[in-house]
Every structure is written in structure tokens, then in C-alpha cells.
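# A look at the structure
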Amino acid sequence: MIELKTAREIELMAHAGHIVAGLLEHLAAVVRPGIKTKELDAEALAYLRRQGAAPAFLGYRGYPASICVSVNEEVVHGIPGDRRIREGDLVSIDAGTVVEGWYADAATTLQVGAVSPLARRLTETTRRALEEGIARAIDGNRLSDISSAVQEVVERDGFGVVRDFVGHGIGQALHEDPPIPNFGSPHVGPRLRAGMVLAIEPMVTAGGYEVEVLQDGWTAVTKDRSLAAHFEHTVAITERGPLVLTAQHALTSRQ
Ligand code: MF3
Ligand code: CO
């Protein structure tokens, strides 16, 4: 069942979303060659504490950190540790928070210094895939209109869309119904309605779309070790269109 949120509840989620947006912006300013991914995690936890917010991921199904940091061939769920960021890396950071019981979840892929042209194209395509998905988060559409829009953008540019992980509804839990694949034919699945809040999160690879999970039980990497990128926003469907709750100033993305 897909829960509908009231305007007041969406406001509370926008508050959490604003904190996540600020956190990702802060981490983008902190990332530099030589920093360890666990130092980014410590920065994240300190930032959230200063805002009076709690990390959504820490302890979720036993996840051991506040954020996920996935470098290059790592797609999602990279556990922060002793790996040092290097010039030319693609660093995907996924962050979530819970404030007064309401969740927000977002991710971005950062380019550290000068990255390869392929890395740059992959990042831009993934960002655009998310934007096109968000533009379909409209009352009256069907869920797979989002999925198919994402897939189309990705495959048009010759990249692969990950099948094994999906986006999700979000609210008083990090993961709610519905699951939101980043692939599929348009015009099927549940009808989208104002009051639904969706975490849309394309995960895109420069090679094959198959992934595998490392020994740590979390870190998902591309099977062929090709580069990957990941963008995510928490988006409310409103009568006035999609509202991106994890933007710095929750603005409607398209009129
Ligand atoms: N955005 C990711 C997701 O929705 C983050 C989850 S990390 C976890 O699955 F540790 F919380 F699982
Ligand atoms: Co998510």
C-alpha cells in the first residue's frame, strides 16, 4: 500500500530533506584527494548532530555507518573505511536523515579534481536521468512512467541501468512502498497521486548493468568493474507538480 502524506507531513519531510541537502553540500566541500572515506562519515555524523538530526542509515539492517560512500566501480552502499579518495575519482555519497520521525534520502556523485571524459559523461547522464524521472512524478501518471523515462535517458547515451537495486517510497520509514525500478515500459503499475513521496535513485554504469556485493555484505560493485554513478532525491507529488524535498530550497522542479 502506498501511503499518502498530508501537506503538514510533507513539510516535516521537507525539513529533513533540507538537512540532507545541506549535508551533501557540506560533504562536497570537504571531499579532496587524500581524505579517507571514514573521515567523510565522521563529518556527516557531526553535521547531522549539529542540526539536531539523526542519520537514517546507521543501524539500518545492521549498516555500520551514517552515509554510504561508493568510489568508482562501487555502485551503492559503500561502507566508509580506510580507502583514500584520489584525484580523478567518482565519489557517490548517499545520505539519509530522520527528523521528528520523518525521513529524507538523497545521493549525489562528486567528481574529484579532473576526471575522465567518460566519468563526466556518466555523471551528467545519471543526473539528467534523475531529472527526467522527477519530471514524470505527476498526479495521474503511472509509476513506470518514471522508470521508463530514467531508462531511456541512460540507454540513449549507451550506459547501463542497474536492476538489482531500486528507488522506494519514503515517509515514517526509510523504505516504504512502492519499489521504483529504473527500467521498464511506460504506462503500467500503480497510479501516482498527490501526497505520495518517492525516493527516485538511478544507479548507472559505464559497462554492463550487473552488480555484485562484496564480502563486507554491503558494498555493491559493477561485475565488470566499470564506473558507476548514483543520484537520488526525495520527491513529493503535489497538485502543483513534483516537489524536490532534498533540494536546498524545496522548489518545484518543473512547472
Ligand atoms: N539510498 C539507499 C537506499 O535507499 C541508502 C540505504 S543505505 C542503508 O537503499 F544502509 F541504509 F541500507
Ligand atoms: Co534511497
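So, here is what we can say about the structure in this document. Residue indices begin from 1 for each chain and proceed along its sequence in written order. Lettering for chains starts from A, numbering for ligands starts from 1, and both go in the order in which the items are written. Side-chain atom pairs in this predicted model are given and counted only at pLDDT of 80 or more, local residue features only at pLDDT of at least 70, and totals for whole chains, interfaces and linings cover all residues. Each side-chain value is worked out from all heavy atoms of the structure, with water and hydrogens disregarded.

### Re the site of ligand 1
Condition: Proximity criterion: a residue is near a molecule or strand once any of its heavy atoms comes within 4 Å of it. The definition of a polar contact used here is a pair of N or O atoms within 3.5 Å, where within protein one atom must be able to donate a hydrogen and the other to accept one, and adjacent residues in sequence count solely through side-chain atom pairs. Using a 1.4 Å probe, accessible areas were evaluated by the Shrake-Rupley method; residue-level cover was limited to the displayed protein chains. Gly is put with the polar residues, along with every residue not named as nonpolar or charged; the nonpolar set is Ala, Val, Leu, Ile, Met, Phe, Trp, Tyr, Cys and Pro, and the charged set is Asp, Glu, Lys and Arg.
Near ligand 1 you find 13 residues, and of these Tyr63, Asp94, His168, His175 and Glu232 are the closest. A distance of 2.7 Å is found between a nitrogen atom of ligand 1 and a side-chain nitrogen or oxygen belonging to Asp94. His168 places a polar side-chain atom, nitrogen or oxygen, 2.8 Å from an oxygen atom of ligand 1. Starting from 330 Å² of accessible surface for ligand 1 in isolation, the protein chains cover 95%. Its residues assigned to classes, the shell around ligand 1 comprises 6 nonpolar, 3 polar and 4 charged.

### A short note on helix H4 (residues 143-156)
Basically, it comes down to this: Numbering of helices and strands runs from the N terminus; a helix is a DSSP stretch of H or I covering at least four residues, while a strand is a stretch of E covering at least two. Expected helix span is given by 1.5 Å per residue-to-residue step, counting one fewer step than there are residues. In this scheme, a residue with accessible area under 20% of its type's maximum is buried, one over 50% is exposed, and one in between is partly exposed, where area comes from a 1.4 Å probe on protein chains only. The contact rule is simple, with two residues in contact once any of their heavy atoms fall within 4.5 Å.
Spanning 14 residues, H4 covers 21 Å between terminal C-alpha atoms, matching the ideal 20 Å at 1.5 Å per step. Summarising burial for H4: 11 of the 14 residues are buried, a large majority. Turning to H4, its buried residues number three or more, namely Leu143, Ser144, Asp145, Ile146, Ser147, Ser148, Ala149, Val150, Gln151, Val153 and Val154. Close packing links the buried residues of H4 with helix H3 (117-135), strand S6 (160-161), strand S8 (176-180), strand S9 (197-200) and strand S10 (203-205).

### Observations regarding the packing of H3 against H4
For the record, the criterion: Whenever a helix is involved, its axis is fitted only over the stretch in contact; in every case the axis is a line through C-alpha atoms, and angles between N-to-C directions fall within 0 to 180 degrees. Working definition: roughly parallel below 35 degrees, roughly antiparallel above 145 degrees, roughly perpendicular at 65 to 115 degrees, and oblique for all remaining angles. A crossing counts as left-handed when the near helix is turned anticlockwise from the far one by less than a right angle, and as right-handed when that turn is clockwise.
At a closest axis distance of 8 Å, the pairing of H3 and H4 adopts a crossing angle of 155°. Taken together, the axes of H3 and H4 are roughly antiparallel relative to one another. For the pair H3 and H4, the sense of crossing is right-handed. Of H4, the residues touching H3 (which contributes Thr125, Arg128, Ala129, Glu132 and Gly133) are Ile146, Ala149, Val150, Val153, Val154 and Arg156. Considered class by class, the residues forming the contact of H3 with H4 number 6 nonpolar, 2 polar and 3 charged.

### A look at the sheet that holds strand S11 (residues 211-213)
What counts here: Pairing between strands requires that DSSP locate at least two bridges from one strand to the other.
The 3 strands lie next to each other as S3-S12-S11, forming an open sheet whose pairing is antiparallel. For this open sheet the edge positions go to strand S3 (74-76) and S11, each flanked by a neighbour on one side alone. Across this sheet, the average inter-strand angle for adjacent strands is 40°, counted without regard to direction. Examined bridge by bridge, S11 and strand S12 (residues 220-222) share 3 bridges and lie antiparallel to one another. Within S12, the residue paired with Glu212 across the bridge is Val221.

### Overview of the nonpolar core
The condition that has to hold: Nine residue types can take part in a nonpolar core, namely buried Ala, Val, Leu, Ile, Met, Phe, Trp, Tyr and Cys, and a core is a set of them joined through side-chain atoms within 4.5 Å.
Leu23, Val31, Leu40, Ile67, Ile85 and Ile93 are the most contacted members of the largest nonpolar core, which has 26 residues in total. Sorting the residues of this core by element identifies helix H1 (7-30), helix H2 (37-50), strand S2 (67-71), strand S4 (90-99) and strand S5 (102-111) as the ones contributing at least two each. No other element matches H1, which puts 7 residues into this core. Contact partners of Leu23, with chain neighbours within four places excluded, come to Ala44, Tyr47, Leu48 and Ala95. In terms of nonpolar packing, the next biggest core, distinct from the first, is built from 20 residues, Phe57, Cys68, Val98 and Ile170 among them.

### Some remarks on the sheet that holds S9
Here 5 strands make up an open sheet; going across it, the order is S8-S7-S9-S14-S15 and the pairing antiparallel. Two strands bound the open sheet, and with one partner strand each, they are S8 and strand S15 (241-244). The average angle at which neighbouring strand axes cross in this sheet is 25°, direction not considered.

### A look at the coordination of the cobalt ion (ligand 2)
What counts is decided by this rule: In this analysis a donor is any N, O or S atom within 2.8 Å of a metal ion (3.2 Å for sodium, potassium and calcium), and since water is not included, sites may seem incomplete. Think of it this way: with four donors and all angles in the 85 to 135 degree range, the site is tetrahedral; with four or six donors, opposite ones beyond 155 degrees and the rest between 65 and 115, it is square planar or octahedral; otherwise it is irregular.
In the first shell of the cobalt ion (ligand 2), the protein supplies Asp105 (OD), His168 (NE2), Glu201 (OE) and Glu232 (OE), at 2.1 to 2.2 Å from the metal. If you look at the cobalt ion (ligand 2), its 6 donor atoms make angles of 68 to 173° with each other, and the shape they trace is irregular. Considered as a linear motif, the donors of the cobalt ion (ligand 2) on their single chain read D-x62-H-x32-E-x30-E. Taken as a pair, His168 in strand S7 (residues 167-169) and Glu201 in the loop between S9 and S10 lie far apart in primary sequence, 33 residues in all. By the burial criterion, His168 is buried, and Glu201 matches it.

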